[in-house]
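The chain contents come next:
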Protein chains: 2
Amino acid sequence: MKCEYCQKQNFEDIVCETKFWIVALSYDQTYLGRCFVISKRHCSHLSELSENEILDFLELVKSLESSFKKSFDAIMFNWTCLMNNAYLEKNPNPHLHWHFRPRYNHKVEFAGSIFEDNEFGKHYIRGIEKKIPKEIRNKIIEKLNLK
Amino acid sequence: MKCEYCQKQNFEDIVCETKFWIVALSYDQTYLGRCFVISKRHCSHLSELSENEILDFLELVKSLESSFKKSFDAIMFNWTCLMNNAYLEKNPNPHLHWHFRPRYNHKVEFAGSIFEDNEFGKHYIRGIEKKIPKEIRNKIIEKLNLK
């Protein structure tokens, strides 16, 4: 099973990069600013990270949480490291990544779009996707100013 | 808002402890061995962790994943850091903790109980709780042998 992440030449909608991680805006913006945080090295379990990789991750967590508070008044953040989908394949070969969901106790109007976190204080919902135009995606990345 | 974790004198069903973290078996064993990994120090966001705390966490991740593979043939692991519920309170004061869910592509029979991960390869389910007797909880902790 080839790894789709490792084969990818370019990620779209990059929010920022560190030595060991790439942050890309998710296709789904149900929660304004939802991102994937992807390991640059192929590994499959959280336990495979090196000390340098997790320390770099901690710095990244600090940058992201701080920037989302400043830029969009995000209140708190859901971090998940799952990799479930890879195990639907015959020969699973997951590539380590995090799901980052900023959460809001208020409506956010940004670039003409309205974002509402109707489940604030509860588990994130799944199964619905909020797609937004490329120009608004670019504006979100610009506003975060992490590049 | 007082912190219920900080006020707790003793956690039940402790799987292991490190300098900075306590691991306690969850009330819910839908996924055999589900645990809470609780910071010993009061903090509210992942970004507030120190370098030493995250390095200690990484060592703990390695111990837990390794022990669950050996003890119960767990295939992979879902790690989540959410803290949503605290924000349902008037003055939220979340205490940092992780949810750890081992996942299985096979039925596990242990101490006379059967555990099945019917959603393997998919997001964990919520809303149902599998309670098991205290004696089986103790046997799970014993088998993990992490104390």
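Not measured: the values here are computed from a predicted model.

1. Focus: the relation of the copies chain A and chain B
Each copy superposes on the other: chain A lies on chain B with an RMSD of 0.0 Å after a rotation of 180° and an axial shift of 0.0 Å. The transformation just described matches what one would write down for a two-fold rotation axis. Considering only C-alpha atoms, the part of chain A nearest the rotation axis is Thr80 of chain A, at 2.1 Å. Same-surface contact between copies: 97% of interface residues of chain A are shared with the interface of chain B.

2. What about the interface of chain A and chain B?
Taken together, the contacts link 36 residues of chain A with 35 residues of chain B. Summing the contributions of chain A and of chain B, the shared interface buries around 3200 Å²; its carbon and sulfur component is 64%. Run the count over chain A and chain B and you get zero salt bridges. Applying the counting rule to chain A against chain B returns 14 residue pairs in polar contact (both at pLDDT 80 or more).

3. Considering the pairing of strand S5 (residues 97-103) of chain A
All names here are of chain A. Burial within S5 is extensive, with seven of its seven residues counted as buried. Pairing of strand S3 (residues 35-39) with S5, which is carried by four bridges, proceeds in the antiparallel orientation. Each bridged residue has a counterpart across the sheet, and for Phe36 the counterpart in S5 is His99. Pairing of strand S4 (residues 76-81) with S5, which is carried by five bridges, proceeds in the antiparallel orientation. Its bridge partner lying in S5, Met76 is registered against Arg103.

4. Description of the environment of Tyr5 of chain A
Residue and element names in this part refer to chain A. With respect to the helices and strands, Tyr5 occurs in helix H1 (residues 4-7). Between the C-alpha atom of Tyr5 and that of Pro92, which follows or precedes it by 87 residues, the distance is 13 Å. Apart from residues lying up to four places away in sequence, Tyr5 is in contact with Phe11, Ile38, His95 and His97.

5. Looking at the packing of aromatic side chains
All names here are of chain A. Per the stated rule, a full pass over the model turns up 25 aromatic pairs over all chains. On the numbers, 4.4 Å between centres and 15° between planes, the contact of Phe57 with Trp98 is stacked. Within this pair, whereas Phe57 is found in helix H2 (residues 51-72), its partner Trp98 is found in strand S5, the two being separated by 41 residues in sequence. Between Lys130 and the ring centre of Phe115, over which it is positioned, the NZ or CZ distance is 4.9 Å.

6. Some thoughts on the nonpolar core
In terms of nonpolar packing, the biggest core is built from 81 residues, with Val37, Trp79 and Trp98 of chain A together with Val37, Trp79 and Trp98 of chain B touching the most fellow members. Contacts of Val37 of chain A, omitting those with residues within four sequence positions, involve Trp21, Ile22, Val23, Phe57, Leu60, Leu64, Trp79, His97, Trp98 and Phe100 of chain A. Within the second largest apolar cluster, six residues are counted, among which are Leu82 and Tyr124 of chain A together with Leu82 and Tyr124 of chain B.

Definitions and limits used
Residues numbered from 1 in each chain as written. Chains lettered and ligands numbered in written order. Predicted model: local features only at pLDDT ≥ 70, side-chain atom pairs only at ≥ 80, totals over all residues. Heavy atoms only, no water. Least-squares fit on C-alpha atoms with pLDDT ≥ 70 in both. Contact = heavy atoms within 4.5 Å. Buried area = accessible area lost by both parts, 1.4 Å probe. Salt bridge = Lys/Arg side-chain N within 4 Å of Asp/Glu carboxyl O. Polar contact = N/O pair within 3.5 Å; in protein donor to acceptor, adjacent residues only side chain to side chain. Buried < 20%, exposed > 50% of the residue type's maximum accessible area, 1.4 Å probe, protein only. Helix = DSSP H or I, 4+ residues; strand = E, 2+ residues; numbered from the N terminus. Pairing = 2+ DSSP bridges. Phe/Tyr/Trp six-rings, centres within 6.5 Å; stacked < 30°, edge-to-face > 60°. Lys NZ or Arg CZ within 6 Å of the ring centre and 35° of its normal. Core = buried A, V, L, I, M, F, W, Y, C linked by side-chain atoms within 4.5 Å.

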